[in-house]
Amino acid sequence: MDEGAKKTEEQWRQSLTPEQFHVLREHGTERPGTSPLNQEKRDGTFYCRGCGAPLFSSETKFESGTGWPSFFAPLDRAIDTTVDRSHFMTRTEVNCARCGGHLGHVFPDGPAPTGQRYCMNGVALNFEPAPPAKD
Ligand SMILES: [Zn+2]
């Protein structure tokens, strides 16, 4: 984690909406199918809502059918993972490597080439479309 991205709980509450705060800082999960990013198909980059760090490229996004934006690989060193034993399950939690914000979970049932499915909360992400290609 980056010390510069650290904030107090009060600072996080002021910089995030209640739903963003619940997911990023309280390990919450958005209701499936609620994120507009499920339908996002443009080229671009997905950034952390907490600190603005780039996390995923649209090139690794795929339609998982779960109702959550899903990716088969994160950007280099963008995320950290920890074992989450809540809700009577053992899952691998995905956090932003920079601010530590909770993003979602990763499951070993994704498509090639990685076989990983990064199941993300859209509310924890911010999408920026790539500028149109010039030629
Ligand atoms: Zn972050």
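Below you will find a few notes about this structure. (Residues numbered from 1 in each chain as written. Predicted model: local features only at pLDDT ≥ 70, side-chain atom pairs only at ≥ 80, totals over all residues. Heavy atoms only, no water.)

Digging into the overall build of the chain
Thought 1: Scanning the chain from N- to C-terminus turns up two helices and nine strands.
Thought 2: Its helices and strands in sequence order give the chain the pattern α-α-β-β-β-β-β-β-β-β-β, from N to C terminus.
Thought 3: Taken against the 2.2 N^0.38 rule, which gives 14 Å for 135 residues, the C-alpha radius of gyration of the chain at 14 Å falls within 12% of a compact globule.
Thought 4: Counting only C-alpha atoms and orienting by the principal axes, one finds that the chain spans roughly 45 × 35 × 30 Å.
Thought 5: Split into buried and exposed, the 135 residues of the chain put 41% on the buried side.
Thought 6: In the chain, 52% of the contacts between residues at least 6 apart in sequence involve partners at least 24 apart.
Thought 7: Seen as two clouds, the 15 positive and the 18 negative side-chain charges of the chain have centres 2 Å apart. (Helix = DSSP H or I, 4+ residues; strand = E, 2+ residues; numbered from the N terminus. Rg over C-alpha atoms; globule rule 2.2 N^0.38 Å. Buried < 20%, exposed > 50% of the residue type's maximum accessible area, 1.4 Å probe, protein only. Contact = heavy atoms within 4.5 Å. Lys, Arg positive; Asp, Glu negative; His and termini not counted. Charge placed at Lys NZ, Arg CZ, Asp CG, Glu CD.)

Some words on the sheet that holds strand β2 (residues 54-57)
The strands that make up a sheet are held in pairs by hydrogen bonds between backbone atoms, and each pair lies either parallel or antiparallel.
Thought 1: Read across the sheet, three strands follow the order β2-β1-β9 without closing on themselves; strand pairing throughout is antiparallel. Two strands in the sheet have a free side with no partner beyond their single neighbour: β2 and β9 (125-129). Between one strand and the next, the sheet's axes are offset by a mean angle of 30°, whatever the strand orientation.
Thought 2: Pairing geometry for strand β1 (residues 44-48) and β9, over five bridges, is antiparallel. Within β9, the position partnered with Cys48 by the bridge is Leu125. (Pairing = 2+ DSSP bridges. Axes fitted to C-alpha atoms, helices over the stretch in contact; angles between N-to-C directions.)

With respect to the coordination of the zinc ion
For a metal bound by four donors in tetrahedral geometry, the ideal donor-metal-donor angle is 109.5 degrees, whereas six donors in octahedral geometry ideally sit at 90 or 180 degrees.
Thought 1: Looking at the zinc ion, the protein donor atoms are Cys48 (SG), Cys51 (SG), Cys96 (SG) and Cys99 (SG), and they sit 2.3 to 2.4 Å from it.
Thought 2: Relative to the metal, the four donor atoms surrounding the zinc ion lie at angles of 103 to 113°, and the coordination shape comes out tetrahedral.
Thought 3: Mapped onto the sequence, the residues coordinating the zinc ion show the spacing C-x2-C-x44-C-x2-C. (Donors = N, O, S within 2.8 Å, 3.2 Å for Na, K, Ca; no water. Tetrahedral: all angles 85-135°; square planar, octahedral: opposite > 155°, others 65-115°.)

Details of the pairing of strand β7 (residues 102-107)
Thought 1: Across the six residues that make up β7, a large majority, five, are buried.
Thought 2: By the bridge criterion, four bridges tie strand β6 (residues 91-96) to β7 in an arrangement that is antiparallel. Counted as the bridge partner of Val94 is Gly104 from β7.
Thought 3: Counting the residues that bridge the hairpin from β6 to β7 gives five residues, and of these Gly100 lies at a positive phi of roughly 80°.
Thought 4: Here four bridges tie β7 to strand β8 (residues 117-120), and the two strands are oriented antiparallel to one another. Each bridged residue has a counterpart across the sheet, and for Val106 the counterpart in β8 is Tyr118.

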